[in-house]
Each structure stands twice: as C-alpha cells, then as structure tokens.
Protein chains: 2
Amino acid sequence: MATAVWSADPRTGKRREEGGPVAVEATAADVDAAVRAAATALPALADRSVRSRLLRGAAGLLEESAAEVVAAADAETALGVPRLTGELARTAYQLRTFADVVDEGAYLDVIIDHADPDATPIPRPDLRRWKVPLGVVAVYAASNFPLAFSVPGGDTASALAAGCPVVVKAHPDHPATSELCAALLRRAAVEAGLPADTVVLVHGFEAGVELVRHPLVAAAGFTGSVPGGRALFDAAAARPRPIPFHGELGSLNPVVVTPAAAAERPEAIGAGLARSFTLGVGQFCTKPGLVLAPAGPDGDRLLAALTEAASAAPAGVLLDGRMRDNFLRGAAARAALPGVTSPVGAGDASGAEEPGGTDARTAGGADTAGSAGAAGGAGAAGGADAAGGSDKAGAAPAVRPGYVVAQARDLTEPGAYDLLLEECFGPLTVVVRYGDAAELAAVLDRLPGSLTATAHLGAREAEQDGGPAAALLARLTALAGRVLINGWPTGVAVTAAQHHGGPYPATTSTSTSVGATAVERWLRPVAYQDTPAALLPPELRDGNPLGIPSRVDGRLVPAAPAS
Amino acid sequence: MATAVWSADPRTGKRREEGGPVAVEATAADVDAAVRAAATALPALADRSVRSRLLRGAAGLLEESAAEVVAAADAETALGVPRLTGELARTAYQLRTFADVVDEGAYLDVIIDHADPDATPIPRPDLRRWKVPLGVVAVYAASNFPLAFSVPGGDTASALAAGCPVVVKAHPDHPATSELCAALLRRAAVEAGLPADTVVLVHGFEAGVELVRHPLVAAAGFTGSVPGGRALFDAAAARPRPIPFHGELGSLNPVVVTPAAAAERPEAIGAGLARSFTLGVGQFCTKPGLVLAPAGPDGDRLLAALTEAASAAPAGVLLDGRMRDNFLRGAAARAALPGVTSPVGAGDASGAEEPGGTDARTAGGADTAGSAGAAGGAGAAGGADAAGGSDKAGAAPAVRPGYVVAQARDLTEPGAYDLLLEECFGPLTVVVRYGDAAELAAVLDRLPGSLTATAHLGAREAEQDGGPAAALLARLTALAGRVLINGWPTGVAVTAAQHHGGPYPATTSTSTSVGATAVERWLRPVAYQDTPAALLPPELRDGNPLGIPSRVDGRLVPAAPAS
C-alpha cells in the first residue's frame, strides 16, 4: 500500500490537508523503474549542445515560474520570500553557469599525445583522453536550500552538465516544491529534445536507500546530516560494485580571531559574527559554529558587541519539528556543560517553556555583560515531539538565536566538551576563549574537517609575508576546503574558483558541490589508443575542430575562437 | 616476537638462506612509527622545487644502481634481466615525468576569480583555488612489476609529486628488491634536502591492514588482486574518517574481433594475441583475457594461427607458488567446463603431472586443428602447495601458456560459465566464438569493468563515421578506461593522455595509476577567499609570478615562458 507524502507548514507544524497528499513514497519497484527510465536518457545526453540547451531552458522555466516556486518553497520551509527569491536567482544562474561549462568544453580534460615511434624508453602509441559521463546519478536533496541544493540545484545541474541522467530523492521538508521543480526540469528536457525521464523524482526514506544500492546508479550526490550521509556513503561503498558518493555532511566552520583583530575592531567582528550565524535561522552548512576569541578585554568587547547584536536578532522558524527539537536539545546540552556560559540564550521564542539549563548557564563565570532574558532549552515538549516520530508534528513557533562561551583549556583533551566540536544546526554559535597561542593551537589540533575556516587578522598581520598569520593560514588550510580572511563563511559564490567541500565530515570525497569544478564528480577519463579519426568524437580529432581547450603533445591549447 | 621476512627464488621455490632474513614484519607499533615519521616530512615537501629534485634524484640513483636492482628483482621474480632492465628504464622515466609535472604546475589547477562587486545575482568575493597534498599516502606494491608498480613506481612517484610522504607496504614476492629501492629513494630524499622518512618501507600482511586504518594515513594506492584490494578498500571506507582508496584490482581486458577483421588478417591477429597474452608469462594486468572471435572459417583461421603461435611460446616461471597453484587450478577449471575446448593446454611445463581436465578438454567439438600435447591442469601437487600455506614452498618450474575456446551462447546468462568472465592471472586466454552481432552484444552486456577493451576492425569499418564500428567503440567505452583499435593492451605508455583505470573491479575509483594525471589522486582543492597577497602562495598571486598555467576570471592562461 502506497504511503502518502504530505506537505506541511513549519510555521504551524500542521500538515496541509487541502488538495490531498503531494505524492506517494516510492517502493523498491518504483525506484527500479525510475532508475531504468533515467538510464534510457543517457545516449541522448551525449550531445553537448543538447545539454547546454536543457540547462538554459531549465533556468528560464524556473524564472518564469518564480512566483509559484517561491510561494511553494516558502510555505514548506518558512525561509521567507526575499531569501527564496534570491535562492531561485542563484539556482538559475547556477544552471546557466554549467551550460557555459558544457559549451566551453575544458571540463572534458582533452589530452592528445600523438604517436612517437622514437620515444624513449619505448615507442609511444597515439593516445587521446577525455572524460565520459558515469551514468545515472542519484541526488539527495537538502532540507535547507529547497532550490539551490535540491531538485534544480547544483548536484542536478552539474550531473546533467556531465551528461548524466538524474534521479532525485526529494527532501521530506519540501515535497510540493520538489514536484514543481521536477516538472519544470522534465519540461525543459522535452523542450531540449530529450526524454522527460532525464530527471526523475522519488520520495521516501526507503526509496533513498534503495536508490544508492541500485545496480544502474553510477554515483551519488548528497547534502545533509552526518548520520544520514554516512549511512548512504557506507551503502555506496558496500555495493558489489562500489560507486563514488559525494556527500556534504556536517561542518563546524571554525573562526579564529587573533588578538590584533580583536584589539582593532571588536565591535565589527562581534556584529558580523551575529549576522553570519543567524543568517537563514542558522540553517547554513557554512554557519560559523566555533569562534576562537582571545581572553582579555579586547575579547570581552567583541563578546559585548556579539551579545548586543545577537540579542537583537529576530527569532525564526526552523525547517521542521525534528530540527527544532534537535536544536533546542543541542543548545541546552552545550549551555549545561560546567563552566560554559550562555550570554545570549538560544531557545524557544514563545517564552512558554522554562529553560532546562538555567543552573549550568549561570554557574560559570559570566564573562560578558548582558544576557538575553528568557533563554530556551530542550523542554519536555521537545522530547515528546521526537517520541511522536513525525517530522512536523508539534512544531512550535520560532526559536531565538544564542551563543555560548567556553574556555579553550577545556577543549584541549577529549571529553565531555567534545560536544562543542560538533555542529549544532540552527542559530547557535560557540565562542571559545583562548589565553595564548599554545591554547589556540591545541584547540585547532582537535577540530574535525570543515567546509570553511576563517581568520580575522589585524591590519599588519595581514600584510606580513611568512609571519604568524601565514602559519595560521597553513593550519586552517589543513582543516577546510575554503579559507577566508576577515570575512564570514555564510554565502557561497558560484564561480570557477569556488570550493565547497572539505576534509571529512565536511565531505566524503575531495570534490566540491558548488562551482564549475563540481561537474568533475560525474565523469571518468577514457583514453583511446591508435583509434582512427572517423571513430573518434570530434573533440578528440586533430585540428581541434570544436575549438575546445586541450593539451596536445604536452602543450596547453586555450579555446579557439568560434569560427 | 618479530616475524622474519625472507627472499625466495621462484625458479626453485626455495628461500634464500644466505645472509639471513631481508627484514622483519612490521608490528602495529612499527606501522604507527612509520606513519608518524613520514608525516613529519609533509612540511618540507611543500616546496615544489625540492620535490622535483627528489624525483629526478631518485631516477638517477635508480639508473646508477641498475645492475644491482635488476639482479635483485630477477632473483626474486624470475621476470628476466631484459624485461627488468626495461622496467627500470620505464620507472626512471616515470619519476622524471612526474618531476616535469611538478615543474610545470598545471596539475595545481589554479583558478583565480577576482572580486566582482557588480556580479549578478550577488556580488562576488575574491576566490583563488589550487590543490594541496592530502597527507601521508599508503602505497601497496604489486607482485608483477617489482619496480614500475612497486616501491619506486607510479603510486610513489605521483604521491611524492603531489607533496605527500609515502609509506610503502612491500610485496612479499620481492622484499629484497623493495629494501634496495627504498634505500635509494630515502637517499634521494636526503640529497634533495628532505627527511629520509619522506619514504618509509614496511613488510607484512598485518602491517598492510594496520596501515590503511592509521588515522594519519590520508589516502592509499594499491595494485593487486580483487579480494586483497576489496578488503583494503572496505577498511578504508569503514574508517571513522574514510579516505580515498585508489585500487587497481582485476581486469579481463576483452578483445572483439569483427568478422571483417577476421576475414582480412586472421593470422596477424592470432599471432598478435599469442604474443600479448603470453608477455611476462601472462602476468600483466592488461593481459587480453577474453577474446570474442567470430564463428566460421575466418575465425577458424585466426584460431589456427593462435594455436601455432601459442604452442611455440616458451614456458615461463610465475612469480610465486601460490600464483602458480591458482593459475593451474584456474586453467583446469576453465578447460573442464562442458563444451569448452583447449586447443593449447595451459599447465605445468615439467610434464610430470597428468592434466586433470583431459576429458573435458576433448569432450567439446574441437573447433581448431592442433593441440599442444601435454596440457597441464591443477594436479594434486597444486592442492598440496596451497595447503602448505607458504607463498613459495613447493613452487615447481615453468608453466606452459594455453588457451580455451567457449561458445558465446553459453555466456549470455549467469551460470557456471561465469568463471570465464573472471581474470585468470597467468598465460591463459579465453576465446569466445560468437555467431552474430546479437550474440556478441549479449556477451558484452555481461562483462565486468576492465582496464582496457580492444576492437580489431576491418579496414573499411575503421574509416566509417557513425557506423557499426563507432557503435562498438561506444559499447567498449562503457566497459573500460582505455580503448584500443587494432592493437594489444599489454604495454602501458607513460604519457599525459594515458588512462590506466576503469569501471570496477578494474579500479575502485575513477582515477588512473599511470600517466601524468595520476598525481590528481593525492590532492584536494582549497579556495582562498579575500586573502591578502602576502599570505597567498606565489602560485595564487596576481601577475602569475611563477608562470604556471591557470584560469583567471574565466580565461585560460597557458604557462608563461620562464623569465
């Protein structure tokens, strides 16, 4: 019997009854049919110009339907119309960027080595290498970006750019938005002369597990939690024929504020941090989750500014009731650690619940002035929600952003404070005060891999070649895939140089899910040896008839101007 | 108590007692010490010019010590001085090729996008991306190439080129050669100004398992069997922090001979096949293991030529007793399948054993003339050797090459004949006769992934754009990482365009272990956002001070001439 998939309103926690269920969960047979249908699109996708047309067409259709798509996404995520309007523009831009990547052709990594009978140590045959699509790609949509990291998002766009059909597993937080976007992508496929099944949508947790195990699925892209992503990664690795699993799981996104930076601009850093960690109700994978700030008066001033800005930050609605429960519980557990203070208490914004961690929160030395009144905690309601087993049931209104403060000395060895080194999804950040460079280094040594790492430097530090700031940059490079100076990690530009990935658990591979090079995930190289020109694709023939960038006999050949 | 590692002579199966054991097996503590020692070399390896010097120095030392290294390798592998002299030259060439890769710098994939405050849909920060080394790389040496795919081989060379220290797990078939080569690499490191522990050698099966689990090991390269490689792949994936595992496991290397090719040059193809599958006593990962030849008189002529050439091929000594047992057993099991014939029987070249599979071999319709007399099988001695549990104990002299013939109709569905779709390491190939294009297609649909796939085409087929040969090429492309026309897959040129990898089980990733792009396996991208020039590596600064190829604001910039 088919299990219905319903849309729900995170602002009320209530299922939308009007119009009935959005879809049904896919059975194993449904997943099999979906993958086989997608696989039939593979040959038609071999034509690069068709793929370019598909991507540009999808961008256009998304923009034409913007009002409807944004309304659907807002109703299911509560992220707000302005944010979702921006996300739609970014998603359309991303689709067109990948069309540009396809048109240029550099991503094919064409390398031609002509035969050399006189080569040493032995004669060389003619070898011509490029990259071919892996096959059907499974995409697991994210909760927090219903467009840019979901059905029409970067994984789908880059897989289509590579020539791979896509089966998307919808996120349960936005099934109606997913259906709407899938319909647009399928229409774009048909309009580009491709089968509609170039993109297929499935719903359901079990469907997601079936999908990664399907023999015809050749690779997977995932954005989500560490436990969910790891389970799917393990399933991908355990297959009789393992497949690449590009998962973006969890990220702490550490920020280091040097003493010089704290001395020079404590207010700007405190206010900037508050803006960044509360953006999108803290539901960004790049949210700064751990901030190393110096002890002493400059750090105190930074925290005072942070307190002021964070106290003034609006409450917000999280994506679903389970996330809300996890956030409230996670914030309270961190605040309850001995010695940890909570200058601005994160929690339920309704004020109805008494914070569960009050004692702990006031037990430590309060190292900043100002506390944001009724701080929240994981009350009985949270536990009841989780026991209810429904994603949406019992979701209460908004949560309030907050931050906690810990001491570096508590984090230099494994123990209970390790909780502070885990991502807490939602508007909470952890400030760790360090006394000296040794304490800072000791905490950095304990950090897991992240998508980003940030340093706030003093003006002179930033200009000194080979000094302590350069050493700090090298240390942060080992921790993350993107390193920022004097900025904030939230906001991920879609450009060629972007890298949105990092050491595990940030990602399960060395790849990126944002930016032009994301296409590399869905390709594998093939070399043709001594193959007659008539049998080669035009991209690999002599004279570069399509004018694509390549490497010929060792020399790099930039793109030829279009004739 | 330390377990001694001995060198043994495959020509006699006897341990070399003179001089005592070569080394001892590494304990878990030894592996930990080895990895930690290697990790200390990471910072010094950051300098590209030092790495280039190391690689060129290692090539020079290898050549200087050629006589000693080749003698040691021949004594342990029986591969012969001419072959090993060539392998040493190739290994030195490979080291220098990677030095060239390091010097050029294109492999860093430098991409610079300057800030654009007017970018749509949102302003863009300054982003500069390149690639950094992953950390300590574990290399698992191969049995069949004691130099080119072992201690000083492609995995080690490419990892060092990437800036990664290496811990090599020696293959038990050539521990003395491994020690000798490791000493040369360590000397080259010191002469380049690096710690000797830039390369560390360990011995022992358990050490190999410990190595892939070590927290400081960041990636692994492997060349070997499917069971061994899969076990290590699984261990790499099961780590708390999974790591990339680039394993080259097993490969059938199918060859398709079209009716036109068989009609035009049956003798050349038959003789060429015999040369290729017997090269190096059939111990090549690219050995053509399955040959699809047409039924009928042209195919018969091809097989007659194959029989003549294979019968004349010399017997050879396999790398160790276990491989010999497996080969004899595997050849006999294939020959014993109902309807399978054995025109040239592979087996023990001593003539002492009666073939075990005589009945089966003569039961099927003998579709070619000529049988190579005393064909071998897996006799009682083979079983006894295996039970003995020692790699070398009981190895008898040479084995004789052979081939078996099966019918395509037996291979179109899963069943007992699936054994013919598995690699048989050693000088055996399987010829499958097909009646028509449908039978050929049905067999191709059942083939596992391979390193290579080859088509032998008629002269007119090879010149026809978009015809059946193009369709065959597309079909073979789905099966392999290198596709050859009218050639033989043994022999893997070290060039930029080479790809030595393929769909599982050929490799566990989409990467190559031969050719310039093999360096990509040991790197991960990092993007720097809004980072002051003083803190950036020179490669990422404006004006391209080091003149390396890059992409700047979307445009590809070839290497600048050295100033």
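See the structure printed just above.
Starting afresh in each chain, residues are numbered from 1 along the sequence in its written order. Following the order in which they are written, the chains are lettered starting with A and the ligands numbered starting with 1. Per-residue local features are limited, in this predicted model, to residues with pLDDT of at least 70; the limit for side-chain atom pairs, both in listing and counting, is 80 or more; totals at the level of whole chains, interfaces and linings are taken over all residues. No hydrogens and no water enter the side-chain calculation; it runs on all heavy atoms of the structure.

**Student:** So what's going on with the side chain of Thr 77 of chain B? Which residues, and what values?
**Tutor:** Residue and element names in this part refer to chain B. When you line up the elements, Thr 77 lands in helix H3 (residues 66-77). A polar contact of 2.7 Å, which involves the side chain of Thr 77, links it to the backbone oxygen of Ala 73. Ignoring any residue separated from it by four or fewer positions in sequence, one finds Thr 77 in contact with Pro 10, Leu 84, Pro 146, His 174 and Leu 319. Secondary structure counts use DSSP, requiring at least four H or I residues in a row for a helix and at least two E residues in a row for a strand, with both numbered from the N terminus. What qualifies as a polar contact is a pair of N or O atoms within 3.5 Å, subject to a donor-acceptor requirement within protein and to the restriction that residues adjacent in sequence count only when both atoms come from side chains. Note on contacts: a residue pair qualifies if any of its non-hydrogen atoms lie within 4.5 Å across the two residues.

**Student:** Talk me through the relation of the copies chain B and chain A; I want residue IDs and the actual numbers.
**Tutor:** The copies were overlaid by least squares, fitting only the C-alpha atoms of residues that reach a pLDDT of 70 or more in each copy. Overlay of chain B on chain A (RMSD 0.0 Å): rotation 180°, translation along the axis 0.0 Å. In short, the pair behaves as if placed about a two-fold rotation axis. Interface overlap between copies: 100% of the residues of chain B at the interface are likewise at the interface in chain A, consistent with a symmetric, same-surface contact.

**Student:** Describe in detail the nonpolar core, supporting the description with residues and values.
**Tutor:** One broad trend across soluble globular proteins is that nonpolar side chains are buried collectively. By convention a nonpolar core is built from buried Ala, Val, Leu, Ile, Met, Phe, Trp, Tyr and Cys residues, the set being connected through side-chain atoms within 4.5 Å. The cut-offs for exposure are 20% and 50% of the maximum accessible area for each residue type, with area from a 1.4 Å probe on protein chains only; residues under the lower value are buried, those over the upper are exposed, and the others partly exposed. In terms of nonpolar packing, the biggest core is built from 117 residues, with Leu 55 of chain A together with Leu 292, Leu 444 and Leu 476 of chain B touching the most fellow members. Ranked by residues supplied to this core, first place goes to helix H4 (residues 81-104) of chain A with eight residues. In this view, Leu 55 of chain A contacts Leu 95, Phe 98, Ala 99, Val 102, Ala 157, Leu 160 and Ala 161 of chain A; residues no more than four positions away in its chain are not counted. Leu 447 and Ala 527 of chain A together with Val 70 and Trp 522 of chain B belong to the second-largest nonpolar core, a separate cluster that totals 115 residues.

**Student:** Residue-level account of the sheet that holds strand S20 (residues 480-485) of chain A, with values.
**Tutor:** Each pair of strands is called paired provided DSSP finds at least two bridges between the two strands. Strand order in the open sheet formed by twelve strands is S14(A)-S17(A)-S18(A)-S13(A)-S12(A)-S19(A)-S20(A)-S21(B)-S6(B)-S5(B)-S22(B)-S23(B), and the pairing between neighbours is mixed. Edge positions in the sheet fall to strand S14 (341-344) of chain A together with strand S23 (555-557) of chain B, since each has one partner strand and no second. The sheet shows a mean angle of 20° between the axes of neighbouring strands, taken without regard to direction. Judged from the three bridges that link them, strand S5 (residues 110-113) of chain B and strand S6 (residues 127-133) of chain B form a sheet pairing that is antiparallel. Bridge pairing in S6 of chain B places Asp 113 of chain B opposite Leu 127 of chain B. Inter-axis angles, ranging from 0 to 180 degrees, are taken between N-to-C directions of lines fitted to C-alpha atoms, where helices are fitted over the stretch in contact.

**Student:** I'd love a proper account of unusual backbone geometry, names of residues and values included.
**Tutor:** Residue Pro 505 of chain A follows Tyr 504 of chain A across a cis peptide bond; omega there is 5°. Positive phi outside glycine occurs at Asp 530 of chain A, with the angle close to 50°. Relative to the helices and strands, Asp 530 of chain A resides in the loop between strand S21 (523-529) and strand S22 (550-552). Taking relative accessible area as the criterion, Asp 530 of chain A reaches 36% and is therefore assigned partly exposed. A positive phi angle is found at Asp 553 of chain B, which is not glycine, with a value near 50°. In this structure, Asp 553 of chain B sits in the loop between strand S22 (550-552) and S23. Taking relative accessible area as the criterion, Asp 553 of chain B reaches 42% and is therefore assigned partly exposed.

**Student:** Residues and numbers for the interface of chain B and chain A, please.
**Tutor:** Interfaces are often sized by the accessible area lost when the parts come together. On the chain A side, the residues contacting the 72 residues of chain B number 72 residues. Buried area adds together the accessible area that both of two parts lose upon being put together, with accessible area traced by a 1.4 Å probe. Interface of chain B and chain A: buried area, both sides summed, is about 5,700 Å²; carbon and sulfur atoms make up 60% of it. For this analysis, a salt bridge means a side-chain nitrogen from Lys or Arg found within 4 Å of a carboxyl oxygen belonging to Asp or Glu. The interface formed by chain B and chain A includes four salt bridges. Across the pair Asp 465 of chain B and Arg 541 of chain A runs a salt bridge whose closest N-O atoms are separated by 3.3 Å. One can count 36 residue pairs in polar contact (both at pLDDT 80 or more) joining chain B with chain A. Contributions of two or more residues to the side of chain B that touches chain A are made by helix H4 (81-104), S5, S6, helix H8 (226-238), helix H16 (468-477), strand S20 (480-485) and strand S21 (523-529) of chain B. Under the scheme applied, nonpolar residues are Ala, Val, Leu, Ile, Met, Phe, Trp, Tyr, Cys and Pro; charged residues are Asp, Glu, Lys and Arg; polar residues are all the others, including Gly. Classifying every residue of the side of chain B that touches chain A gives 42 nonpolar, twelve polar and 18 charged. Bridging between S21 of chain A and S20 of chain B involves three bridges; their strand directions are parallel. Opposite Ala 527 of chain A, over in S20 of chain B, you have Arg 482 of chain B as the bridge partner.

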